[in-house]
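# Structural features, examined
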Amino acid sequence: MTYYAMIFVAGFAGSFHCVGMCGGFACALGSDPAGRRATVERHLLYNTGRLTTYTFIGVLAGTLGQGLVGQSLPGSLAAGQRVLALASGTLMILMAMQFFGYFQRVHLFVTGFAGNTLVVSLRNLIAAPGRGAPITLGVINGWLPCPLVYAFAAQAAATAGPLQGFMTMLAFGLGTFPAMLMMGGTGELIRPAWRRRGVWLAGLFLLILGAITFARGVIPFAGHGNMM
């Protein structure tokens, strides 16, 4: 549970990055004409859609990691897990560096292309009535290119199990809930200075988690393959 708690806290810190990346979708979703309660429900559905995508990615990543480890030669299970930990730890460290201002050109190209493509296709969806629209928007939003999601998907793959991958992305997704709910159509509740500090903190958490994961691949201590 300590592992998942750390993932949750990292997700909460990273949610300030989510506000900058995806907060526009929450603001565009806006308030429901039916009142405050309907607005809260609207944004809960939107964020539940995001969480659904994240957990699905977690299952896929965990299953992929399990498959890669399963391809190891007999007696080399630990070696396969160590290679996976090295790869995912390296990816998390690289993603953390983006939060500190490095590799921004690649990040802006990918996110900019995806954002421009989606804006046109989602305009009608945002304006559509009913409960299906916000949850569908959340599901689609969850697939947007995002260094934070990539980083934790790598962590989910390193668990080498679909259930562990699911739990990793669930903890991460729940951590992003509070800040995204605060957006709730206002967008002014989270000040730019708080966002900058949150992004820096998210980078720090990613760096720590990446270093720990990388160390699991370097240091062959007993039982290191079992993250739980």
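Residues numbered from 1 in each chain as written. Predicted model: local features only at pLDDT ≥ 70, side-chain atom pairs only at ≥ 80, totals over all residues. Heavy atoms only, no water.

## Notes on the overall build of the protein chain
Looking only at helices and strands, the protein chain has 8 helices and 0 strands in total. Split into buried and exposed, the 228 residues of the protein chain put 47% on the buried side. Taking contacts inside the protein chain between residues at least 6 apart in sequence as the whole, the part at least 24 apart equals 82%. For the protein chain, the accessible area works out to roughly 11,400 Å², and carbon and sulfur atoms hold 71% of it. (Helix = DSSP H or I, 4+ residues; strand = E, 2+ residues; numbered from the N terminus. Buried < 20%, exposed > 50% of the residue type's maximum accessible area, 1.4 Å probe, protein only. Contact = heavy atoms within 4.5 Å. Areas by Shrake-Rupley, 256 points an atom, 1.4 Å probe, with all protein chains shown as cover.)

## Quick notes on the packing of aromatic side chains
In this description, an aromatic ring pair is defined by two values, namely the gap between the centres and the angle between the planes. One pass over the full model with this rule turns up 4 aromatic pairs. Look at Phe56 and Trp143: their rings are 6.1 Å apart centre to centre, the planes differ by 75°, and that puts the pair in the edge-to-face class. Linking Phe56 in helix H2 (residues 36–70) with Trp143 in the loop between helix H5 (132–141) and helix H6 (147–158), this pair joins segments that are 87 residues apart in sequence. For Phe56, a relative accessible area of 45% puts it in the partly exposed group. Judged by relative accessible area, which is 48%, Trp143 ranks as partly exposed. (Phe/Tyr/Trp six-rings, centres within 6.5 Å; stacked < 30°, edge-to-face > 60°.)

## Quick word on the environment of Phe172
Tracing the chain through its elements places Phe172 in helix H7 (residues 162–183). Looking at Phe172, the relative accessible area reads 0%, which means it is buried. The sequence separation of Phe172 and Ala13 amounts to 159 residues, and the corresponding C-alpha distance is 10.0 Å.

## Considering H6
Counting along an α-helix, one turn takes 3.6 residues, and residues three or four places apart therefore face a common direction. Taking 1.5 Å per residue, 12 residues should reach 16 Å; H6 reaches 17 Å between its end C-alpha atoms and fits that length. With 11 of 12 residues buried, H6 is to be regarded as a mostly interior element. Of the residues making up H6, those classed as buried are Pro147, Leu148, Val149, Ala151, Phe152, Ala153, Ala154, Gln155, Ala156, Ala157 and Ala158. Positive phi shows up at Ala160, right after H6, with a value of about 55°. (Expected span 1.5 Å × (residues − 1).)

## Details of a nonpolar patch on the surface
On the surface, Phe8, Val9, Phe12 and Leu174 cluster together into a nonpolar patch covering about 310 Å² of accessible area. The element that contributes the greatest number of residues to the nonpolar patch is helix H1 (residues 2–29), accounting for 3 residues. With respect to the helices, strands and loops of the structure, Val9 is situated in helix H1. (Patch = residues over 30% accessible without salt bridge, like charges linked within 9 Å, V, L, I, M, F, W, Y side chains within 5 Å. Salt bridge = Lys/Arg side-chain N within 4 Å of Asp/Glu carboxyl O.)

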